[in-house]
Structure formats: structure tokens, C-alpha cells
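# Fold and contact review
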Amino acid sequence: MRKFIVLTAIAFSALVLIQSCSKSSDNNTGPTTTTTTTTTAANNSFDRKAMLTNMSTNIIVPAYTAFQTAASNLDAAVTAFNTSPDAVKLSALQTAFIVAYKQWQTTGTFELGPAAVINFRVNTNTYPADINQINANVSSGTYNPNLLANLAAKGLPALDFLLFGVGTDNTAILSQYTTDVNAAKRKTYLAALTTEMKTNATTVATAWTSTYPATFIAAAGTDAGSSTALLVNELVYDYEILKNFEVGIPAGTQSMGITYPAKVQAYYSKISVQLATAHLTALQNLYLGKSMQGDGIGLDDYLNKVNAQKAGTSLDATVKAQFAAAMAKLQTLTDPLSDQIKSSPATVSAAYTECQKLTVLLKTDMTSALGILINYGDNDGD
Amino acid sequence: MLISAKELIKKHVLTPAHIAPLAVLRIAFGSIMLISTIRFLLKGWVYSFYIKPKFHFTFYGFDWVKPFGPTGMYVLFGLMVVSSVMVIAGLLYKVASTAFFLTFTYVELIDKTTYLNHYYFVSVMAFLLILVPAGRYFSVDVWLKPAVEVSNVPAWTINIFKLQLILVYFFAGISKLNHDWLIDTMPLKIWLPGLTNLWLVGPLLGYTWVAYAFSWFGALFDLTIGFLLLKRSTRKPAYVMVIIFHIFTAWFFKIGMFPYIMIAATLIFFSAETHKNMIDYLRRFWFRQKIIHTDVNRNYLLKEAWAKLIYGVLIIHFTIQVLLPLRYLAYPGKLYWTEEGYRFSWRVMLMEKGGTIFFYVKDPATGGQTEIVNSQYLSQFQETQMSTQPDMILQFAHYLAGRYRAKGIKNPVVTAQSYVTLNGSGSRLYIDSTVNLANERESFGHKRWILPFQKN
């Protein structure tokens, strides 16, 4: 009897084996490409620690340090302006603001570890700014940074409004800090915002210039919670922010085609396109592992190491080409972006569509080729 | 021939066997379920899977299964905990095992996002456990009412679990006999190099030959282990293999309680003697009983009508168990791509599949179109699962159509641009992006709007 069972089992398995083999060869009737022959001795292990070290030392830490400097300079410019507001100091303050905003584009991506603890990203850059909330905070003279309603009334977007949007030109803006009834309160609010941002920037920079890099580099697996998984997730997530918030939503992609020009990033300072291209460059550098120190180990090297393919060519080449295509489309946009959305919405929509293609490559092709889950939560698999 | 068939049935169905394996199974299974349920609660999954999401992907035909709201869900999990404790103790066993089966299965039916083969396995085991008198030995029921104790049960009460386990492993093995698994060594070729930082074995996992070794060994293990456990002469080494295999998978992959469930369940293959020894051990060291327990020599008697009913249920159950994993043959296209006939078939860890999907809702009256932010309606987990499974894509499309109808748009057109990559294929368009999904109906039929899988 047992012999019978075993024999049946073997016969059945053989049958299924033959069937499934023939079935899969049936499916291969499409155009076949020559696949690179991999020998069994090939080693696909990639030095993730080296990649994480490069990213930590040469990309993340310099970004946080630079943002900390920019935030401190901005705060100092506010202090100087508040002491004796004049056109020169206003101009200097506006310049410091633009420097900080540009630096933020290369800094906001890394919402893991110390930055995640203080919700650095939403606290620094939630837009469109809530003008009513800002004005209410100014006139009441009270401001609670922990209030959820104040997320859109603080950080860079609120400063964007306070420094560029409270008057039609710098003379009018200056009067809001000199002769306006709420001038004193407005100065206080301005100072509160830049101080908060400086404090946050210092908190995160301090962690990254002391103990956190060791923790970051040590978590060198690919499981949920590993640094590679967190970083890839944040790269994908931050790219979504760029695509949706900096381009798509103002162009009406999520509103039945009705455009919202005022929802662009940096609406008042009118540097939306500059910021978006800076942002895309930063994300591309993270992908490449590229920094002031040169082209270090990045996700491109990781994809090549595991021989990731896409439609017969290297996935890395496809991703690089799409970064270039997205950048080319972003460069067809002009500041002020809000005006272009009104005058030529199709150009903006076209840029969005091109950006969308990179989402698929980063979110699906790259993460799947590396076996990284796009999952911020936690669950079992089988 | 007729006589041998009759004898075969007699041997495997009616021959009296000692009840000890059932008591051990009850305790082992109940314990794992207790741990599993408490773990689920502690991880906060009741909230994140069943309370927080606004929308749930119910199973076809089970739309009536709805989450109960915060209090109700925690009460349900509370009942699950209580009933698994009662199963372990053998207290009001019939009620407890039925309650556990119902509560567990209800939760699993709420949302197919959380579907796992081992949750399905738990439901199946819990169902079979209702049918057998596992509470009639070494239990609180017996302690309270010694008259219910039996020592002998018909062989079928034990053999159904062995048969079920053999089917699970064997079908899991068969599902690995394909080009992706054996020749391309997918998905292990992707997953193993991600584990190179593991202690001791890590450096080996980057090698392609290791992926081959694991793939082929895994297939061989699944195909043969059930039979090796069945055979007395190979049972002990086979069980050692079970432990090693499952501990390794637990270490390598994030598969939750599955390895431990299988290690506990396969105990059933051991002889009655072994099980009696285990119970004696528990009696002596756990309960400090000094007097050696002597069994009452009493057979488990089942009213003929009940017996017939149970036989009928079991015949239907095992027919389904054999046919369900084969139903994929009725669908065209590549199974891993379409996933038509994929669930409930013991297909475990066969795919590295990922997707991105953009839904669009169009107002036919104005021509205006909106791209949907999936995360506005779905949890990250739901979105991830949905993006690669056509039935879930359709369910979400219908949900969106309903939402936009409620916003006053007549006949909203719902389309999706969906890109999926399967076992390193690179992403390609998954479903026909021109089809108005709002007009497509769910059925057991093939979904024509799934684009065929072309490997490059």
C-alpha cells in the first residue's frame, strides 16, 4: 500500500512537472531576448553597508548640516530685520529664505530616524499655507507649534507668505512690519517660526553628526525597518511629493481638471520650478549615491549588481533615462509656475505625465528587483 | 479488489485507535492559536487592519461580512482568545472549538488584504477539529465529568488531519514545479541576496547556486515530507527535517506564525504511544500527578445519523481540498500574473510581485478627470495588495464609482493605469487601461481586461 502511494505520488509529480514545463514554454512565445547567462558561481551579494556609509557620510549628513546653517542664517536675518526693519534687511532676509528653501529640497527626503521622530517634513514644508490661520495667529499673538491646525501656518510656506505675500511689493511688505497695527505681533510670529525651524534643524543635524549614522549603517538588511528599505521608501515617497504637490495638484490632476495655481510650492516667492528641479536633482543624486565627493555607491550600483532588467535592458539605464526625461520636462516649465498653469496648463500636465513614469520605475521595478517592500506598516507574508 | 478496498476503508476509517494524538493536537494547536491571537492584538493589527480602513476587500459572495467597529472587533478577538484557552484546556470542547472556528474565520473573511495561506490552514484545521472528540481525554471536561472520557476513537478522527497535512505539503510542492521556481530560481534569487547580512549563513546567500539549492530542496521537501512523516521508518528524521526547514524559513522570511503552526500540527503523525508519553509527561511534570493514569477502556460512540453526516461533510471537504488547488487549470494565461485560481491552493512564497496603480475617475458629462489618491481610501497594506490582484482592483474601482456617484456624478467612468512586475520581469501594463471598470462585473469567469503576460 505504501509503495503504491509513493509510486502514485512520483508519477503524479512527474506528470505535473512535464505539464508545467510545457505550459511555461507556451508562454514564452513572445519575442525572446538573449538573457545574460548567469553561472551558478555568480555572487549577487551587494555591500549595502558601503552604500549606506556613502549615503550617510556624503549625502545625508552634509544636507542636514547645510540646512542647519541655512536655518540659523535665516533666523539671524529675522533677528536683524526685527531689530530695525528696512528695505535692505528685508531683501537680505528674503535671500536667506530662498537659500533655506532650496537647501530644504535636498534635505527633506530623509524622513527616518531623527527626522521622523520630530515629523521634520510636515513641520517644515506643509503647503499651501493657510493664510487665515497665519493671520489669526499674528493678530491673536498666540501660537502653539504643536497644534495640528498650525502645520500649514508654519515653516517655509508660512515664511513664503510673510516675506513675499503680505504686500504687492517690498515697500508694501515692509510696511506690514513697520507701520501696520499688527507690525510688532507679525515680527514676533516671524521670529517664532524661524526659531522653531532652526531648533528642529539643529535637533536632526546633531543626531546625524553624533550617534545616528552608526545605527543607520548597522541596520544593513532589506527587511522592513532596515535602513535600505526605509531610505528607498522615503525616496519613493518624497518623489511622490514632488510629482503630486509641486506639479500635479496645482495643475488639476486630482480635481476633475480644475486647476489650483495658488497651491504651488513657494507661490509668493515664485521659485516653484527652481525648487522642483533642485528637488529632482537631489533625488537623482541619492539614487546615484552622488555627492560633492563624487559618484559613490548608490542604488544604481545595487540594481546593476543584482542584474535587474527591464524590457531586455538594464533597469538602471531605464531609471537614469527616465530621470533625464522627467528633468527635461520640468525644465520646460517657467517661474512663476502659477502663471504658467493659468496660461498653458497642457505644458504642466505633460510634465506631470512624464514624472509619473518615474514613479512606476522607482516604486515597482526598483523595489521589487531588490526585494524591498513598499510598506510603511507591518504585517506577515507567506 | 472490492475486498481490499473495504479493508482499506476499515483500516483507515473505523479501526479503533488511541485518542491521545487528538488530545495533543488540541493542546498544541490551541496553544499556537492563543499565542498567535495575542501577538496579533499586541501588534495593533486589529486596529490597523480592521478598524482604521474605511473600505474592505471582501471575498466574492461574502459581502455581508463586515467589521463590527472598535468594540465589536476587540470583543471578537477576546472571544478568540477565550475559545483558544478553552480548546487547550478541553473545557466545553465542542462549543469552544466551534467558537474558535467561527470567530477566526469571520475575521479572515473581512478583508482579503490579510489573506495568508496559513490563516486559511488555521480555518481548515479548526473546522476539522470541531468534528472530532478531542476533548474526551486529558481535559477539563473529563475532569469535571469522568463519564465522558474515552480511550479509543475510530481511526478517521486522526487520519483526516494527516490527510489534510499531506495535501497541504504536496500541493505546495506541486506549485513549485514550474519554470519560475526551478529554472529561474525566482523569487529566491531576488530574496536571498537581500539577506546577506544574516549571521553565519549570510555571505552564502548571494550565490546563485544557493538559490538553486534552496529552490530544489524546497520543492523536494514539500513533495515528499507528508509521505515521509506517514511512514514509521522515516518519521523521526522527517520530523527533524520539518523543524529545521520551518525554523529556517522563519529566520529568513517574515512569515509570522506559519512555521510554528506546521511544527505543531505535524506532531499528529507520531504514534499513539508517543502521544501517550507526551501526555504522561504533562501529567507528571506539569500537573505533578503522582499516580499513573490508567485509561478507562471505553470506545467513542457516535450515533449512526451523526456519523453519516460527518462522513458526508468530510467527503465534500476533501473533494474540495483536492479540486480547489487545481481550479487554476480552468483559466487562461499565466497563473502568477492573473492570480485567477491562486488563493486557497497552498501556493506559498512563489512570487516577487509588485505594482503601482493609478485610478482615474471621469465625469462623462463634463469630460473632467481626476486621478485618485489611493491612500485617501486605503491603507498602505491594502494598496500594496490591491495593486497586483485584479479582483481587488475591480472592487476598489466599484467603490470609487460609488463614491463619485454619491458626489453627484452620473455614470462615472473608472479606469486604471496599472503596472506590475513579476519575478524580476520589470513592470509592464497589467490591465487594459481603456476599460471602464465601473461596468465590469465580478464573477468566477476569466477577466478579459487583464492583459496577457509577455516575458519581454
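Residues numbered from 1 in each chain as written. Chains lettered and ligands numbered in written order. Predicted model: local features only at pLDDT ≥ 70, side-chain atom pairs only at ≥ 80, totals over all residues. Heavy atoms only, no water.

Once that is clear, we can look at empty space enclosed by the protein. All names here are of chain B. Within the structure shown, the criterion is met by eight cavities of 30 Å³ or more. Of the volumes computed, that of the largest cavity is approximately 70 Å³. Lining the largest cavity we find Ser36, Thr37, Phe40, Phe77, Met80, Phe104, Val107, Glu108 and Tyr119. Counting only elements with at least two residues in the lining of the largest cavity, the list comes to helix 2 (20-42), helix 4 (69-89) and helix 5 (93-110). In the lining of the largest cavity, the residues fall into six nonpolar, two polar and one charged. (1 Å grid on protein atoms, 1.4 Å probe; cavity = no way out; pocket = protein on both sides within 12 Å on 5 of 7 lines; lining within 4 Å. Points joined across faces, edges and corners; volume = space filled by probe spheres on them. Helix = DSSP H or I, 4+ residues; strand = E, 2+ residues; numbered from the N terminus. Nonpolar A, V, L, I, M, F, W, Y, C, P; charged D, E, K, R; others polar.)

All right, on to the domain arrangement of chain A then. Where interface size is given, it is often the accessible area lost as the parts come together that is meant. All names here are of chain A. Once the domains are mapped, chain A shows domain 1 (46-219) and domain 2 (221-376). Inter-centroid distance (C-alpha atoms) of domain 1 to domain 2 is 23 Å. In this complex, domain 1 contributes 32 residues to the contact, which on the side of domain 2 involves 42 residues. Interface of domain 1 and domain 2: buried area, both sides summed, is about 3100 Å²; carbon and sulfur atoms make up 67% of it. Looking at the side of domain 1 facing domain 2, the largest losses of area belong to Phe46, Gln105 and Tyr127, adding up to 22% of the total buried there. Applying the counting criterion to the domain 1 and domain 2 interface returns two salt bridges. Two residues, Arg121 and Glu234, come together in a salt bridge whose shortest N-O distance is 2.8 Å. In this structure, the connection of domain 1 to domain 2 is made through 15 residue pairs in polar contact (both at pLDDT 80 or more). Counting residues per element, the ones that place at least two in the side of domain 1 that touches domain 2 are helix 2 (48-83), helix 3 (87-105) and helix 7 (155-164). (Domains from an automatic or database assignment. Contact = heavy atoms within 4.5 Å. Buried area = accessible area lost by both parts, 1.4 Å probe. Salt bridge = Lys/Arg side-chain N within 4 Å of Asp/Glu carboxyl O. Polar contact = N/O pair within 3.5 Å; in protein donor to acceptor, adjacent residues only side chain to side chain.)

Time to look at helix 11 (residues 208-230) of chain B. Side chains of residues three or four places apart in an α-helix project in the same direction, reflecting 3.6 residues per turn. Between its first and last C-alpha atoms helix 11 of chain B spans 34 Å; for 23 residues at 1.5 Å apiece the expected length is 33 Å, and the two agree. Of all bends in helix 11 of chain B, the biggest is about 45 degrees, found at B:Thr224. (Expected span 1.5 Å × (residues − 1). Bend = angle between axes of the 7 residues up to and from the residue.)

So, on to unusual backbone geometry. It is generally the case that most residues other than glycine have a negative phi and that most peptide bonds are trans. Cis geometry is found at the peptide bond from A:Asp335 to A:Pro336, where omega equals -5 degrees. By the element assignment, A:Pro336 lies in the loop between helix 14 (315-330) and helix 15 (337-343). Backbone torsion omega between B:Met186 and B:Pro187 reads 0 degrees, so that peptide bond is classified as cis. In this fold, B:Pro187 is placed in the loop between helix 9 (179-183) and helix 10 (188-191). The phi dihedral of A:Asn119 falls on the positive side, at around 50 degrees, and the residue is not glycine.

Before going further, it helps to examine the domain arrangement of chain B. Residues and elements named next belong to chain B. Partitioning chain B into domains gives domain 1 (17-153 + 276-301) and domain 2 (352-439). One C-alpha centre belongs to domain 1, the other to domain 2, and the line joining them spans 39 Å. Every contact between the two is made by eleven residues of domain 1 and, on the other side, twelve residues of domain 2. Summing both sides of the interface, domain 1 and domain 2 together bury roughly 1100 Å²; the carbon and sulfur share of this comes to 62%. Looking only at domain 1, the three residues that lose the most surface to domain 2 are Phe55, Phe57 and Thr113, adding up to 55% of its buried area. Along the contact surface separating domain 1 from domain 2 lie one salt bridge. Between Asp391 and Lys112 there is a salt bridge, with its nearest N and O atoms 2.9 Å apart. Taken together, the residues of the side of domain 1 that touches domain 2 sort by class into four nonpolar, four polar and three charged.

Here the focus is the pairing of strand 3 (residues 353-362) of chain B. Residues and elements named next belong to chain B. Among the ten residues of strand 3, nine are classified as buried, and the element is accordingly described as predominantly covered. Across ten bridges, the pairing between strand 3 and strand 5 (residues 413-422) is antiparallel. Along strand 5, the bridge assignment pairs Gly354 with Thr421. Bridging between strand 3 and strand 4 (residues 369-371) involves three bridges; their strand directions are antiparallel. (Buried < 20%, exposed > 50% of the residue type's maximum accessible area, 1.4 Å probe, protein only. Pairing = 2+ DSSP bridges.)

What follows deals with helix 14 of chain A. Residues and elements named next belong to chain A. With 16 residues, helix 14 should cover 22 Å at 1.5 Å per step; its first-to-last C-alpha distance of 22 Å lies within 8% of that length. Regarding helix 14, the residues found buried are Leu315, Asp316, Val319, Gln322, Phe323, Ala326, Met327 and Leu330. Viewed end-on, helix 14 has its buried residues packed into an arc of 135 degrees, placing them on one side of the element. Of the surrounding elements, those touching the buried residues of helix 14 are helix 11 (227-248), helix 12 (272-288), helix 13 (299-305), strand 3 (309-310), strand 4 (313-314) and helix 16 (345-370). The N-terminus of helix 14 is capped by Ser314, whose side-chain oxygen sits 3.3 Å from the backbone nitrogen of Asp316. (Arc of directions from axis to C-beta.)

Residue and element names in this part refer to chain B. Among the surface-exposed residues, Trp199, Leu200, Val240, Ile244, Phe248 and Trp251 lie close enough to one another that they form a single nonpolar patch of about 650 Å² accessible area. Its place among the elements puts Leu200 in the loop between helix 10 and helix 11. In this structure Leu200 comes out as exposed when scored by relative accessible area, which is 62%. (Patch = residues over 30% accessible without salt bridge, like charges linked within 9 Å, V, L, I, M, F, W, Y side chains within 5 Å. Areas by Shrake-Rupley, 256 points an atom, 1.4 Å probe, with all protein chains shown as cover.)

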